[in-house]
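# Coordinate analysis (summary)
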Amino acid sequence: MTSPVRILGIDPGLRRTGWGLITAQGTKLTYGACGIVTSDGDLPLALRLRELFEGIGRVVENQQPDEVAVEETFVNKDAQATLKLGHARAMALVVPALAGLPVFEYAANLIKKTVAGSGHAEKVQIQAMVRFLLPKAEFRVADAADALAIAITHASHRDSHALRKAHLPAGKRRILTGQAAAGQGLEGKGFSAAAAARIEAALAKQG
């Protein structure tokens, strides 16, 4: 019997950031809680980000997850909207990282494919599958449902992260110094694949 793992999914948004907690034990998924963290649209950007930072911090403190999964930024034609979403996503990444938790990132189409079987699934399909997979889940807004879907996606892919790490060549198993060593690692441990590649390249030059 594998040990239960508490997974916090976060769906970043400047206006509303959804969060959802599940417990995964083997193939069994159990609903924990979900909700949203909001920011006041009348406030300056810096203060809105502070609200998100503090709100996500309270969620992490109250829910005590073991691992965190965050949706990657979806780049659209509205550059300003994408930039604002990036600010919100930064809060979703840095808060659990500061708490010493491993943070994983997943693309939107992978989340949809994992939960609903199609990378182009509509939100109503995602919500229906979340309810099917987590019968006790209670959510009133799509942001919370999306966050639960992100957590479900991580539960489905976390074994592949562990397997990939276990089979890294010895020369690639580097130990980072400073904050990176204290908190995270490489791909699948707080860094996207692209970020992990950049870090490895930098370390190789230093070596």
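Fair warning: this is a prediction, and the values are worked out from it, not measured in the lab. (Residues numbered from 1 in each chain as written. Predicted model: local features only at pLDDT ≥ 70, side-chain atom pairs only at ≥ 80, totals over all residues. Heavy atoms only, no water.)

### Some details on the packing of helix 1 (residues 45-63) against helix 2 (residues 79-98)
Close contact between helix 1 and helix 2 brings their axes to 9 Å; oriented N to C, the two are set at 40 degrees. Helix 1 and helix 2 meet at a crossing whose hand is right-handed. Across the interface between the two elements, Leu45, Leu49, Leu52, Phe53, Ile56, Gly57 and Val60 from helix 1 touch His87, Ala88, Met91, Ala92, Val94, Val95 and Leu98 from helix 2. Partitioned by chemical class, the residues of the contact of helix 1 with helix 2 number 12 nonpolar, 2 polar and no charged. (Axes fitted to C-alpha atoms, helices over the stretch in contact; angles between N-to-C directions. Helix = DSSP H or I, 4+ residues; strand = E, 2+ residues; numbered from the N terminus. Left-handed = near helix turned anticlockwise from the far one by under 90°. Contact = heavy atoms within 4.5 Å. Nonpolar A, V, L, I, M, F, W, Y, C, P; charged D, E, K, R; others polar.)

### Regarding unusual backbone geometry
Phi is positive for Gln64, which is not a glycine, with a value near 50 degrees. Relative to the helices and strands, Gln64 resides in the loop between helix 1 and strand 4 (67-71).

### Here we look at the confidence of the model for the chain
This prediction gives the chain a mean pLDDT of 82; 75% of its residues lie at or above 70. The element-level mean pLDDT for the chain is lowest in helix 6 (residues 178-183), coming to 34, with strand 1 (residues 5-11) highest at 98. Predicted confidence for residues 170-191 stays below pLDDT 50, and this span has 45 contacts to residues more than four positions away or in other chains. (pLDDT = per-residue confidence, 0-100.)

### Let's talk about the UniProt feature "binding site: Mg(2+) 1" (unreviewed entry) in the chain
Here the UniProt feature "binding site: Mg(2+) 1" (unreviewed entry) sits at Asp11 and Asp143. In terms of the greatest pairwise C-alpha distance, the residues named above, spread along 133 residues, form a tight cluster of at most 6.4 Å across. From this annotated list, the subset lining the largest pocket comprises Asp11 and Asp143. Examined against the element boundaries, Asp11 turns out to sit in strand 1. (UniProt positions renumbered as here; feature names shortened; annotations may be inferred. 1 Å grid on protein atoms, 1.4 Å probe; cavity = no way out; pocket = protein on both sides within 12 Å on 5 of 7 lines; lining within 4 Å.)

### Focus: helix 2
In a regular helix each residue adds 1.5 Å, so 20 residues correspond to 28 Å; helix 2 covers 28 Å between its end C-alpha atoms and thus fits that length. For helix 2, the full list of buried residues reads Thr82, Ala88, Arg89, Met91, Ala92, Val95 and Pro96. Down the axis of helix 2, the smallest arc covering the buried residues is 170 degrees, so these residues share one side. What points out from helix 2, more than 90 degrees from its buried face, is the exposed set Ala79 and Leu98. Summarising the contacts, the buried residues of helix 2 are in contact with strand 1, helix 1, strand 4 and strand 5 (103-106). Looking one or two residues beyond helix 2, the residue adopting positive phi is Gly100, at roughly 80 degrees. (Expected span 1.5 Å × (residues − 1). Buried < 20%, exposed > 50% of the residue type's maximum accessible area, 1.4 Å probe, protein only. Arc of directions from axis to C-beta.)

### Quick look at the packing of helix 3 (residues 108-116) against helix 4 (residues 123-133)
Interhelical geometry of helix 3 versus helix 4 gives an angle of 50 degrees and a closest axis separation of 9 Å. The angle between helix 3 and helix 4 falls in the class oblique. Considering only the axes of helix 3 and helix 4, their crossing is left-handed. Counting all contacts with helix 3, which are made through Lys112, Val115 and Ala116, the residues of helix 4 involved are Ile126, Met129, Val130 and Leu133. (Parallel < 35°, antiparallel > 145°, perpendicular 65-115°, else oblique.)

### Here's the deal with the UniProt feature "active site" (unreviewed entry) in the chain
Here, UniProt's "active site" (unreviewed entry) annotation points to Asp11, Glu71 and Asp143. For Asp11, a relative accessible area of 10% corresponds to the buried category. Setting aside anything within four residues of it in sequence, one finds Asp11 in contact with Arg16, Thr17, Gly18, Glu71, Asp143, Asp146, Ala147 and Ile150. Within the element layout of this structure, Glu71 appears in strand 4.

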